[in-house]
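Next come the chains, spelled out residue by residue.
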Amino acid sequence: MSYARALRCRKCGQEYPLQPLNRCDFCLSPLEVSYDYKAMARGLSREELAAGPRSMWRYRDMLPVEGEEVDIGTGFTPLVKADNLGRELGLDRLYIKNDCLNPTYSFKDRAVSVAVSKAREFGFDTVACASTGNLAASVAAHAAKAKMRAYVFVPSDVEPGKLVGAAIYDPILVKVDGSYDDVNRLCTEVAKRYSWGFININLRPYYAEGSKTLGYEVAEQLGWRAPDCVVAPAASGLLFTRIWKGLDELAMLGLIEPVNTHMYIAQAAGSSPIVNAFNAGSLHINPVTPDTIVKSIAIGNPADGHYALMVARQSGGGACAVDDEEAIAGVQLLAQTEGIFAEAAGGVVVGVLRKLAASGVIKRGELTVASITGAGPRTQEVLTDIVRPFAVQPTIESVEESIGALVRSA
Amino acid sequence: MTKTQVMFTFPQELIREPIIYSLGHQFKIVTNIRRADVTENRGWVVLELEGEEKDIEQGIAWVTSKGVRVDPVVGDVVEG
């Protein structure tokens, strides 16, 4: 049973019934799901949660879904102790939350699983989204599972390779001849015109809730405690705010001790409106035009930027950006120390972690969780120059000649 | 008639110009401010525009040409 009771405006507090709606009619601010936490606290215990399925749906009672969920096997991804990477960075208690291991290889499956479940509950037969990769794949996959129609809008300059991950599930792909801003504007118009469940527009409050499960899982996997520090990437800022909300809710429900986690935002320098605002001491996000290879987090006008900023400040955390080169170095370091191949956004997280550890902002002994949100193989074009094989003839002499010295020196 | 919600971000040099007044005046658009924060060196306004579709389109193009950044109020909807 769900304890969700209303949609509530994050700015003015106005409430609305649970419906496909993402903005307050009065102040045009984003809406979020509010719950009856008192009833939820009575109905939940650590033991019951731990006995649930090994997926994000073990936290079903803390999500706004009434009907049957659309689940493709998302969540309860590994939280691994990253001792090798920790040694490189000077952190003794570093963990990686590896969300590369979701069914469509990114954390988006958490959010989309809730959004598509809700879309079906609301009676939509069609879901849609605007995306450049990870979200598109996840929406298409969940629509396939739910036997719903999916429309996926993409900017025309998206690399064809990226679309394979979505196209395999057979959505209707719409390539928009225009800039990123054009696609953005178009999709807000499209969402008004057709009565579809638009994942990141009218279903956004529900989509957002799915991301909380990342916070729940981290706490449960640490033995029901919040970490000292979390470093997570921010694009729209939604995931970042929801990891915090997840931890905060667990504390409110008495399932963990009060949270004293410092939350750190990681962005790519070529698209860092939230970091800019943090550094300027401002609470207003000035939109930017993204210019970075880290496409999966290249959002210039982050819808939840303000709230992400608030979380970073209130938690005594911070915000930090690294350039494209540092991001790529981060991807390589993570792969070469922990065997985890992340997309460039993961490299941004590792790069930021390195900076925060080196400057002493994150202390050696603090229990730190780095959130790796998407897998590398979908965006391998950013890494092509790492492939430098030794070319040999199929003879042992040729092998000896080519790599013999290397083998002997190992 | 149609309604659209947008956010204007003003650079410092445009803060003293009556852009929203001119928008309503020149393009027959009804402007309805819902939230705003304007200081001496920057400003943003979240507002609703109501009018004929082509007037709104032309109005937004004019505001943009003046140097104001215009974004959908929902923020970016394209995600990674």
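(A) Region of interest: the overall build of chain A. In terms of regular secondary structure, chain A is built from 15 helices and 13 strands. Expected size for 410 residues packed as a compact globule is a radius of gyration near 22 Å; at 22 Å, chain A falls within 12% of this value. When the backbone C-alpha atoms are referred to their principal axes, chain A occupies close to 75 × 50 × 45 Å. A buried classification covers 54% of the 410 residues belonging to chain A. For chain A, contacts bridging at least 24 residues in sequence account for 68% of all contacts bridging at least 6.

(B) Fine view of the packing of helix H9 (residues 212-221) of chain A against helix H10 (residues 238-252) of chain A. Residues and elements named next belong to chain A. The contact between H9 and H10 brings their axes to 6 Å, and the two run at 55 degrees. As judged from the angle between their axes, H9 and H10 are oblique. The crossing of H9 and H10 is right-handed. Taken together, the residues of H10 that come into contact with H9 (itself represented by Lys212, Thr213, Leu214, Gly215, Tyr216 and Ala219) are Arg242, Ile243, Trp244, Lys245, Gly246, Leu247, Glu249 and Leu250. Tallied by class, the residues present in the contact of H9 with H10 amount to 7 nonpolar, 3 polar and 4 charged.

(C) Layout of the nonpolar core. Residues and elements named next belong to chain A. Ranked by internal contacts, the top residues of the largest apolar core, which has 148 residues, are Val127, Val139, Ile199, Tyr264, Val348 and Val349. It is helix H14 (residues 344-358) that contributes the most residues to this core, 9 residues altogether. Look past the residues within four positions of valine 349 in its chain and what remains in contact with it is Val231, Ala232, Pro233, Ala266, Ala370, Ser371 and Ile372.

(D) Fine view of helix H5 (residues 134-146) of chain A. In this model, H5 of chain A (13 residues) spans 19 Å end to end at C-alpha, consistent with the 18 Å of a helix rising 1.5 Å per residue. For H5 of chain A, the complete set of buried residues consists of Asn134, Leu135, Ala136, Ala137, Ser138, Val139, Ala140, Ala141, His142, Ala143 and Ala146 of chain A. Where H5 of chain A is buried, its residues meet helix H4 (108-121), strand E6 (126-131), strand E7 (149-155) and helix H6 (160-167) of chain A together with strand E5 (78-79) of chain B. Where H5 of chain A ends, the next residue or the one after it, lysine 147 of chain A, has phi of about 55 degrees, a positive value.

(E) Region of interest: the domain arrangement of chain A. Residues and elements named next belong to chain A. By domain assignment, chain A separates into domain 1 (4-62 + 108-207) and domain 2 (79-105 + 211-386). Domain 1 and domain 2 are separated by 22 Å when their C-alpha centres are compared. With 25 residues of domain 1 at the contact, the number on the domain 2 side is 22 residues. For the side of domain 1 that touches domain 2, the secondary-structure elements that each account for two or more residues are helix H1 (37-43), helix H2 (46-50), H4, H5 and H6. Here the side of domain 1 that touches domain 2 takes 4 residues from H5, the largest share from any one element.

(F) The arrangement of the sheet that holds strand E12 (residues 318-322) of chain A in detail. All names here are of chain A. Read across the sheet, 6 strands follow the order E4-E5-E13-E10-E11-E12 without closing on themselves; strand pairing throughout is mixed. Because the sheet does not close on itself, it has two edges, and the strands there are strand E4 (79-81) and E12. The sheet shows a mean angle of 25 degrees between the axes of neighbouring strands, direction not considered.

(G) Structural view of H6 of chain A. All names here are of chain A. Along H6, the positions that sit buried rather than exposed are Lys162, Leu163, Gly165 and Ala166. Seen end-on, H6 carries its buried residues on one side only, within an arc spanning 145 degrees. In this structure, H6 carries Pro160, Gly161 and Val164 as exposed residues pointing more than 90 degrees from its buried face. Check the buried side of H6 and you find it contacts H5, E7 and strand E8 (172-176).

(H) Seen up close, the interface of chain A and chain B. Counting residues at the interface gives 31 residues for chain A and 18 residues for chain B. If you list the elements that add at least two residues to the side of chain A that touches chain B, you get E6, H5 and helix H7 (180-193) of chain A. Counting residues per element, the side of chain A that touches chain B draws most heavily on H7 of chain A, at 6 residues. Per-class residue counts for the side of chain A that touches chain B are 14 nonpolar, 14 polar and 3 charged. Two strands pair when backbone bridges link them, and E6 of chain A and E5 of chain B are joined in this way by 2 bridges, in the parallel orientation. In the sheet register, alanine 130 of chain A faces E5 of chain B, and the bridge partner there is valine 78 of chain B.

(I) Summary view of the pairing of strand E11 (residues 262-268) of chain A. All names here are of chain A. Of all the 7 residues making up E11, 6 are buried; the element is thus mostly covered by neighbouring parts of the structure. Bridge count between strand E10 (residues 229-233) and E11: 5 bridges; the pairing is parallel. For proline 233, the partnering residue across the bridge sits in E11 and is alanine 266. Crossover handedness for the path E10 to H10 to E11: right-handed. With 5 bridges connecting them, E11 and E12 associate as parallel partners.

So, how was this worked out
Residues numbered from 1 in each chain as written. Chains lettered and ligands numbered in written order. Predicted model: local features only at pLDDT ≥ 70, side-chain atom pairs only at ≥ 80, totals over all residues. Helix = DSSP H or I, 4+ residues; strand = E, 2+ residues; numbered from the N terminus. Rg over C-alpha atoms; globule rule 2.2 N^0.38 Å. Buried ≥ 20, exposed ≤ 12 C-beta atoms within 10 Å, placed from the backbone. Contact = placed C-beta atoms within 7 Å. Axes fitted to C-alpha atoms, helices over the stretch in contact; angles between N-to-C directions. Parallel < 35°, antiparallel > 145°, perpendicular 65-115°, else oblique. Left-handed = near helix turned anticlockwise from the far one by under 90°. Nonpolar A, V, L, I, M, F, W, Y, C, P; charged D, E, K, R; others polar. Core = buried A, V, L, I, M, F, W, Y, C linked by C-beta atoms within 7 Å. Expected span 1.5 Å × (residues − 1). Domains from an automatic or database assignment. Pairing = 2+ DSSP bridges. Arc of directions from axis to C-beta. Right-handed = clockwise from strand over helix to strand, strands pointing away.

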